[in-house]
Amino acid sequence: MHVFVGDAETSARHHALELDAARLIPSWESPNRAATIAAAITENHQPLAGGDLDDELLGRVHDAGYLEFLRTAWDDWQQLPGRGPAAMAACWPARWMATDRPPVSIDAKLGYYGFGADCSITAGTWAAARSAAALAQSAADDVLAGATVNFALCRPPGHHATIDQFGGYCYLNNAAIAAQRCLDGGSGRVAIVDVDYHHGNGTQQIFYERSDVYYASIHADPVTDFPYFAGFADERGRGDGVGYTRNEPLPAGTGFATWSAALERCLDDVVTLGCDMLVMSLGVDTFVDDPISQFRLTTGDFATLGARLAAVGLPTVIVMEGGYDVDDLGVNVAAVLDTFDIARVA
Ligand code: Q9C
Ligand code: ZN
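Scope of this entry: the structure provided in the associated data block. From a predicted model like this one, the values you see are computed outputs, not experimental measurements.

**A few points about the packing of helix H9 (residues 256-272) against helix H10 (residues 299-312)**
For step 1, the next point in the chain: In contact at an axis separation of 12 Å, H9 and H10 are set at 15 degrees when each is read in the N-to-C sense. In this view, H9 runs roughly parallel relative to H10, as classed from their interaxial angle. The way H9 lies across H10 gives a crossing that is right-handed. Side by side, H9 and H10 meet where Phe256, Trp259, Leu263, Glu264, Leu267 and Val270 of the first sit next to Asp301, Thr304, Leu305, Arg308 and Val312 of the second.
For step 2, the next point in the chain: Residue composition of the contact of H9 with H10, grouped by class: seven nonpolar, one polar and three charged.

Rendered as structure tokens:
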């Protein structure tokens, strides 16, 4: 396994403000997340840096206007009299409003190109998001070149980022970028299996009408949990994509027995649908002690997950998503990676 780890400074310069239960707080998605994971996984692995992000690849996953917004948002925010410390929306277009009219002011753009107040843009956001996406791209390139499995320590995470909206701590969809890179490099069909606690609404949307990417997610029921408006079991794809999306919403309190049964249904599809590469959106916010989530997986369960993924036997790119119990984050990620390594060698 090769592990791709970005420049720590670049990642650390992104720390957004988050509106959490009507309080503006430093985001749970904090810089020390990447630091603690890096410390844990570089005990056993020599870290590799990412290459330069391919803007053409980025443009195949995200909308050009959205990317231009992300690039310029912080500078635009600086022009705003009375601005606060992070660029954050306070108004989103409601159902009947004129969303076909391109936004001009930075306030309008923040509402148009975002979908949640858990997320904001700071001075380092664009560079950090690009750096994370470059890790996903490089991890995919290295698997295309023959590596069996790689890990990209992406921060900020990506699976909530849609074609043209940021939210849920995500700006660029790292898993989608890895998957698109695999397709462009010759894969016939990529499976994205998303085990983050939250539904990956962005990844689902990007590939919803396509049959070259199968998207499966196991997550907290959107009736009770973010992102609330996607991730229901009856979302199965549209057009050419019918049957290439699977959602496994599970109730708060879910433990590994129920969770792993849902994983088996996803992995059955990966085989049945003839996927030849696997991208895993690895969130460990399913951990029993996660401060913002309600599943009950243990460190031992993460080890079991790693071995199970290895048994799928496909070239695999593992992309970091969520996980907010910083004390156990490194050990939990390492549990997945180390058992994958051991199982794949055996
Ligand atoms: N009071 C990822 O795990 N809502 N994103 C949090 C906390 C947003 C999670 C509310 C959760 C987003 C990548
Ligand atoms: Zn999550």
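**Some details on the pattern of salt bridges**
For step 1, the next point in the chain: A complete count under the given rule lists 15 salt bridges for this structure.
For step 2, the next point in the chain: For Asp184, the salt bridge identified is with Arg60, shortest N-O distance 2.5 Å. On the criterion of sequence distance, the pair formed by Asp184 in helix H7 (residues 174-184) and Arg60 in helix H3 (residues 55-61) is long-range, its members being 124 residues apart.
For step 3, the next point in the chain: The class of Asp184 is partly exposed, set by a relative accessible area of 41%.

**Quick notes on the coordination of the zinc ion (ligand 2)**
For step 1, the next point in the chain: Within the protein, Asp196 (OD), Asp196 (OD), His198 (ND1) and Asp285 (OD) serve as the donor atoms for the zinc ion (ligand 2), at 1.9 to 2.8 Å.
For step 2, the next point in the chain: Written as a sequence motif, the donor arrangement for the zinc ion (ligand 2) is D-x1-H-x86-D. Of this pair, His198 sits in the loop between strand E6 (190-194) and helix H8 (201-207) while Asp285 sits in the loop between strand E9 (277-282) and H10, placing them 87 residues apart in sequence. Neither residue differs from the other here; His198 and Asp285 are each classed as buried.

**Here's the deal with the site of ligand 1**
For step 1, the next point in the chain: Around ligand 1 sit 14 residues in total, of which Asp20, Gly168, His198, Asp285 and Tyr324 are the nearest.
For step 2, the next point in the chain: For ligand 1, a nitrogen atom lies 3.0 Å from a polar atom in the backbone of Gly168.
For step 3, the next point in the chain: A distance of 3.2 Å is found between an oxygen atom of ligand 1 and a side-chain nitrogen or oxygen belonging to His198.
For step 4, the next point in the chain: Burial of ligand 1 by the protein chains amounts to 86% of its free accessible area of 410 Å².

**Notes on the nonpolar core**
Looking at soluble globular proteins, one finds that nonpolar side chains tend to be buried together.
For step 1, the next point in the chain: Of all hydrophobic cores here, the largest spans 52 residues; its most connected members are Phe69, Leu110, Ile121, Tyr171, Leu172 and Val279.
For step 2, the next point in the chain: Sort the elements by how many residues they give to this core and helix H6 (residues 125-144) lands first, with ten residues.
For step 3, the next point in the chain: Residue contacts for Val279: discarding those within four places in its chain leaves Ala175, Ala178, Ala179, Val190, Ala191, Ile192, Val193, Val317 and Val319.
For step 4, the next point in the chain: In terms of nonpolar packing, the next biggest core, distinct from the first, is built from 49 residues, Val3, Leu267, Val270 and Leu278 among them.

**Observations regarding the packing of H6 against H7**
For step 1, the next point in the chain: Between H6 and H7, the shortest axis-to-axis distance is 8 Å and the interhelical angle comes to 35 degrees. Crossing angle aside, the handedness with which H6 passes H7 is right-handed. Between H6 and H7, the residues in contact are Ala129, Ala132, Ala133, Ala136, Gln137, Ala140, Asp141 and Leu144 and Asn174, Ile177, Ala178, Arg181 and Cys182, respectively.
For step 2, the next point in the chain: Residues that form the contact of H6 with H7 fall into these classes: nine nonpolar, two polar and two charged.

**Some remarks on unusual backbone geometry**
For step 1, the next point in the chain: Omega for the peptide link from Arg155 to Pro156 comes to 10 degrees, which places this bond in the cis form.
For step 2, the next point in the chain: Here Pro156 lies in the loop between strand E5 (149-152) and H7.
For step 3, the next point in the chain: The peptide bond linking Phe226 to Pro227 adopts the cis configuration, its omega dihedral lying at 5 degrees.
For step 4, the next point in the chain: Topologically, Pro227 is positioned in the loop between strand E7 (213-220) and strand E8 (245-250).

**With respect to the pairing of E7**
Regular strands show a simple pattern: their side chains alternate between the two faces of the sheet.
For step 1, the next point in the chain: Taken across its eight residues, E7 has eight buried, putting it largely inside the fold.
For step 2, the next point in the chain: As paired elements, E6 and E7 share five bridges and run parallel to each other. In the sheet register, Asp194 faces E7, and the bridge partner there is Ser217.
For step 3, the next point in the chain: Viewed along the sheet, the connection from E6 through H8 into E7 turns out right-handed.

**Remarks on the sheet that holds strand E1 (residues 2-4)**
For step 1, the next point in the chain: If you walk across this open sheet you meet the eight strands as E4-E1-E5-E10-E9-E6-E7-E8, and the pairing is parallel. The sheet is open, and its two borders are formed by strand E4 (47-48) and E8, each paired with just one other strand.
For step 2, the next point in the chain: The pairing of E1 with E5 spans three bridges and is classified as parallel. When the bridges of E5 are listed, Phe4 appears paired with Ala152.
For step 3, the next point in the chain: H6 rests against E1, E5, E9 and strand E10 (316-320) of the sheet, and its axis sits at about 175 degrees to E5.

**Quick word on the environment of Met88**
For step 1, the next point in the chain: If you trace the backbone, Met88 turns up in the loop between helix H4 (64-78) and helix H5 (106-112).
For step 2, the next point in the chain: Overall, the relative accessible area of 15% leaves Met88 in the buried class.
For step 3, the next point in the chain: Counting along the chain gives 69 residues from Met88 to Leu19, while the straight-line C-alpha distance between them is 9.5 Å.
For step 4, the next point in the chain: Those residues in contact with Met88, other than ones at most four positions away along the chain, are Leu17, Glu18, Leu19, Leu24, Trp77, Leu110, Ala117, Cys119 and Ser120.

**What about empty space enclosed by the protein?**
For step 1, the next point in the chain: Under the defined criterion, the tally for this structure stands at one cavity of 30 Å³ or more.
For step 2, the next point in the chain: Taken together, His14, Ala16, Ser27, Glu29, Asp118, Cys119, Arg155, Tyr169 and Tyr171 make up the lining of the largest cavity.
For step 3, the next point in the chain: Across the lining of the largest cavity, the residue classes tally to four nonpolar, two polar and three charged.

The rules behind these values
- Each chain carries its own residue numbering, running from 1 in the written order of its sequence.
- Labels are handed out in written order, letters beginning with A for the chains and numbers beginning with 1 for the ligands.
- Given that the model is predicted, a residue must reach a pLDDT of at least 70 before its local features are reported, and side-chain atom pairs must reach 80 or more before they are shown or counted; all residues, however, enter totals for whole chains, interfaces and linings.
- The basis for every side-chain value is the complete set of heavy atoms in the structure, and neither hydrogens nor water enter the calculation.
- The convention used is that axes are lines fitted to C-alpha atoms, helices contributing only their stretch in contact, and that angles between N-to-C directions extend from 0 to 180 degrees.
- Strands are runs of DSSP state E lasting at least two residues, helices are runs of H or I lasting at least four, and both sets are numbered from the N terminus onward.
- In this scheme, roughly parallel covers angles under 35 degrees and roughly antiparallel covers those over 145, while 65 to 115 is roughly perpendicular and the rest are oblique.
- Handedness of a helix crossing follows the sense of rotation of the near helix relative to the far helix, less than a right angle counterclockwise being left-handed and clockwise being right-handed.
- Contacts: residue pairs with any heavy atoms within 4.5 Å of one another.
- Classification convention: Asp, Glu, Lys, Arg as charged; Ala, Val, Leu, Ile, Met, Phe, Trp, Tyr, Cys, Pro as nonpolar; all other residues, Gly among them, as polar.
- Salt bridges are defined as contacts in which a side-chain nitrogen from Lys or Arg sits within 4 Å of a carboxyl oxygen from Asp or Glu.
- Accessible area is worked out with a 1.4 Å probe on protein chains only. A residue is then buried under 20% of its type maximum, exposed over 50%, and partly exposed in between.
- Distances define the donors: N, O and S atoms within 2.8 Å of the metal qualify, as do those within 3.2 Å of Na, K or Ca. Water is excluded, so some sites may look unfinished.
- The cutoff for a nearby residue is simple: one of its non-hydrogen atoms must lie within 4 Å of the molecule or strand.
- In protein, a polar contact requires one atom able to donate a hydrogen and another able to accept it; more generally it is a pair of N or O atoms within 3.5 Å, and residues adjacent in sequence count only if both atoms are side-chain atoms.
- Under the convention used here, a 1.4 Å probe and the Shrake-Rupley method define accessible areas, while residue burial counts only the protein chains that appear.
- Take the buried Ala, Val, Leu, Ile, Met, Phe, Trp, Tyr and Cys residues and link them wherever side-chain atoms come within 4.5 Å; each set so joined is a nonpolar core.
- The pairing criterion for strands is at least two bridges between them, as found by DSSP.
- By definition, the crossover connecting two strands over a helix is right-handed if that path, from the first strand to the second, turns clockwise as seen with the strands pointing away from the viewer.
- Lining residues are those with an atom within 4 Å of a point, where the points come from a 1 Å grid over the protein atoms alone and group into cavities, where a 1.4 Å probe fits but cannot get out, or pockets, open sets with protein on both sides within 12 Å along at least five of seven lines.
- Grid points are joined across faces, edges and corners, and a volume is the space filled by probe spheres set on the points.

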